[in-house]
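Residue-level structural notes
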Amino acid sequence: MPSMAGQRDYYEVLGVAKSASFEEIKKAYKKAALANHPDKNPGDDTAVERFKECAAAYEVLSDEDKRARYDRYGHAGVQGGAGGGSPFGDVNDIFSQFGDIFEGFFGGNQRSRGGPQRGSHLRAAMTIDLVTASKGADRELRIQRKKSCEKCKGTGAEPGSTPHRCDYCGGRGQVVQSQGFFRVQTTCPACSGSGSIIRNKCTECRGTGRENEEVVLQVRIPAGIDNGVQLCLRGEGEAGAGGGPRGDLYVEVQVKEHPLFKREGIHLVCTVPISYTQAALGGEIEVPLLSGSDTLEIPAGTQPGEIFRVKGEGMPDLRGGRRGDLHVQVELQVPRKLDAEHEELLRKLAEYENTNVAPHHKSWLDKLRDFISGDHDDEEDE
Ligand SMILES: [Zn+2]
Ligand SMILES: [Zn+2]
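Since this is a predicted model, take the numbers as computed values, not measurements. (Residues numbered from 1 in each chain as written. Chains lettered and ligands numbered in written order. Predicted model: local features only at pLDDT ≥ 70, side-chain atom pairs only at ≥ 80, totals over all residues. Heavy atoms only, no water.)

What to know about the coordination of the zinc ion (ligand 2)
A metal bound by six donors in octahedral fashion has ideal angles of 90 or 180 degrees, whereas one bound by four tetrahedral donors has an ideal angle of 109.5 degrees. Of the protein atoms, only Cys166 (SG), Cys169 (SG), Cys188 (SG) and Cys191 (SG) coordinate the zinc ion (ligand 2), at distances of 2.2 to 2.3 Å. Around the zinc ion (ligand 2) sit four donor atoms, and with donor-metal-donor angles ranging over 101 to 117° the site reads as tetrahedral. The exposure class assigned to cysteine 166 is buried, which follows from its relative accessible area of 1%. (Donors = N, O, S within 2.8 Å, 3.2 Å for Na, K, Ca; no water. Tetrahedral: all angles 85-135°; square planar, octahedral: opposite > 155°, others 65-115°. Buried < 20%, exposed > 50% of the residue type's maximum accessible area, 1.4 Å probe, protein only.)

Take a look at the structure:
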């Protein structure tokens, strides 16, 4: 894969507009992937790279969340976890993930050769809060997956018997049919792609070679992880058919929204209310931190919406760089209710500032009191 700096724009890769609909993106990807498929470009090494680039672009642009992050932050917003880059190891990974949209072109799945096959990748999700995201953590994750059947060691044949080579496909697991210009490979209907026929099926797994298991895995969440980042646990996916190796497990980490902090990359943003007097005279305000709180000096003449930086109180950088900052945006708070003294002071201030303010409104009770005491002047007296 090209490095982050040299990465092409995903919209450009697929040749679609920024406003393209999901259907347009899917169509463009299908077209680009078929044109660059390594089978169609024998001997062209760059085809594989182009093919992977298309798949990486499609992975992001076909996912509403990832696309929104990409639109906002570019490649940095959708780069995978510690490993970074595309989660695809090879071309077949791409088919195991997006294979469904190629149905009919390459025979759906790419179980090309008989014998042991690597298991498919699994996906899981995990939700953490922002404080955990900032510190990192070890979490347990319970998943259901397939394991190799213990009784038949994954072969699917009853111990003591052996599978026979499939006569229909000659053990290749695939059959080729010609349709006009296209040679279409499909999974062998007789052996379902395994290349062998089991006459005496294992009674434990009924010939599948795999059985379900529930496992609890330890997942290390790196400090600084952002919402939507995928962690890859190599070799923790489904067991392969015929005793093949396990696929990988991708864990998407969701970081819950925090009531006070918004995240922008490695920085955190929060809003803190201040009063007119604090803004005008300056003073110390209390600001929340991920761990507790701190005081922040604001200068006289602070304007509403002004942003102050508290260095190093943001999120850690996933790639080991400098820790982000906390950006405190002050918000001018206007009292909703005033007691008599407060109002009087503000009216004096308005007078001093020569500001035209609304006249004092007497309450119904005031008016009643005035009426009883015989004080019949008009309602505005101040
Ligand atoms: Zn078995
Ligand atoms: Zn067959």
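Things to note about the packing of helix 2 (residues 22-36) against helix 3 (residues 45-61)
Across the interface, helix 2 lies against helix 3 with an axial gap of 9 Å and an inter-helix angle of 165°. Taken together, helix 2 and helix 3 sit at an angle that is classed as roughly antiparallel. The crossing of helix 2 and helix 3 is left-handed. Contacts between helix 2 and helix 3 involve Phe22, Ile25, Lys26, Tyr29, Ala32, Ala33 and Asn36 from the former and Ala47, Arg50, Phe51, Cys54, Ala55, Tyr58 and Leu61 from the latter. For the contact of helix 2 with helix 3, the residue count by class is eleven nonpolar, one polar and two charged. (Axes fitted to C-alpha atoms, helices over the stretch in contact; angles between N-to-C directions. Helix = DSSP H or I, 4+ residues; strand = E, 2+ residues; numbered from the N terminus. Parallel < 35°, antiparallel > 145°, perpendicular 65-115°, else oblique. Left-handed = near helix turned anticlockwise from the far one by under 90°. Contact = heavy atoms within 4.5 Å. Nonpolar A, V, L, I, M, F, W, Y, C, P; charged D, E, K, R; others polar.)

A word on the coordination of the zinc ion (ligand 1)
The coordination sphere of the zinc ion (ligand 1), as far as protein atoms go, consists of Cys149 (SG), Cys152 (SG), Cys202 (SG) and Cys205 (SG), spread over 2.3 Å. Viewed at the metal, the four donor atoms of the zinc ion (ligand 1) are separated by angles of 103 to 115°, and the geometry they form is tetrahedral. Each donor residue of the zinc ion (ligand 1) lies on the same chain, and together they follow the pattern C-x2-C-x49-C-x2-C. Across the pair, exposure class does not vary: cysteine 149 and cysteine 152 are buried alike.

Overview of the pattern of salt bridges
Inspection of the entire model under this criterion finds 19 salt bridges. Here glutamate 158 ties to lysine 151 by a salt bridge, and the two come within 3.1 Å at their closest N and O atoms. The class for glutamate 158 is buried, based on a relative accessible area of 18%. Among the residues examined, lysine 151 registers a relative accessible area of 34% and is labelled partly exposed. For the salt bridge of arginine 263 with aspartate 226, the shortest nitrogen-to-oxygen distance reads 3.6 Å. Of this pair, arginine 263 sits in strand 10 (residues 262-264) while aspartate 226 sits in the loop between strand 7 (210-221) and strand 8 (229-233), and the two are 37 residues apart along the sequence. Accessibility expressed as a relative area gives 17% for arginine 263, which makes it buried. (Salt bridge = Lys/Arg side-chain N within 4 Å of Asp/Glu carboxyl O.)

Concerning helix 2
Look at helix 2: 21 Å from first C-alpha to last across 15 residues, which is about the 21 Å you get at 1.5 Å a residue. Listed as buried for helix 2 are Ile25, Ala28, Tyr29, Ala32, Ala33, Leu34 and Asn36. (Expected span 1.5 Å × (residues − 1).)

Overview of the side chain of glutamate 158
Among the structural elements, glutamate 158 can be located in the loop between strand 2 (137-148) and strand 3 (164-165). In this structure the side chain of glutamate 158 is engaged in a polar contact, spanning 2.9 Å, whose partner is the backbone nitrogen of threonine 203. Setting aside chain neighbours within four positions, we find glutamate 158 in contact with Lys151, Asn200, Lys201, Cys202 and Thr203. (Polar contact = N/O pair within 3.5 Å; in protein donor to acceptor, adjacent residues only side chain to side chain.)

Quick notes on the sheet that holds strand 1 (residues 122-128)
Read from one edge of the open sheet, three strands run 1-9-8, paired in mixed fashion. Each edge of the sheet is formed by a strand with only one pairing partner; in this case those strands are strand 1 and strand 8. Neighbouring strand axes in the sheet, compared pairwise and without regard to direction, differ in orientation by 25° on average. Pairing geometry for strand 8 and strand 9 (residues 249-255), over five bridges, is antiparallel. When the bridges of strand 9 are listed, leucine 231 appears paired with valine 251. (Pairing = 2+ DSSP bridges.)

By themselves, these figures tell us nothing about what the structure is for.
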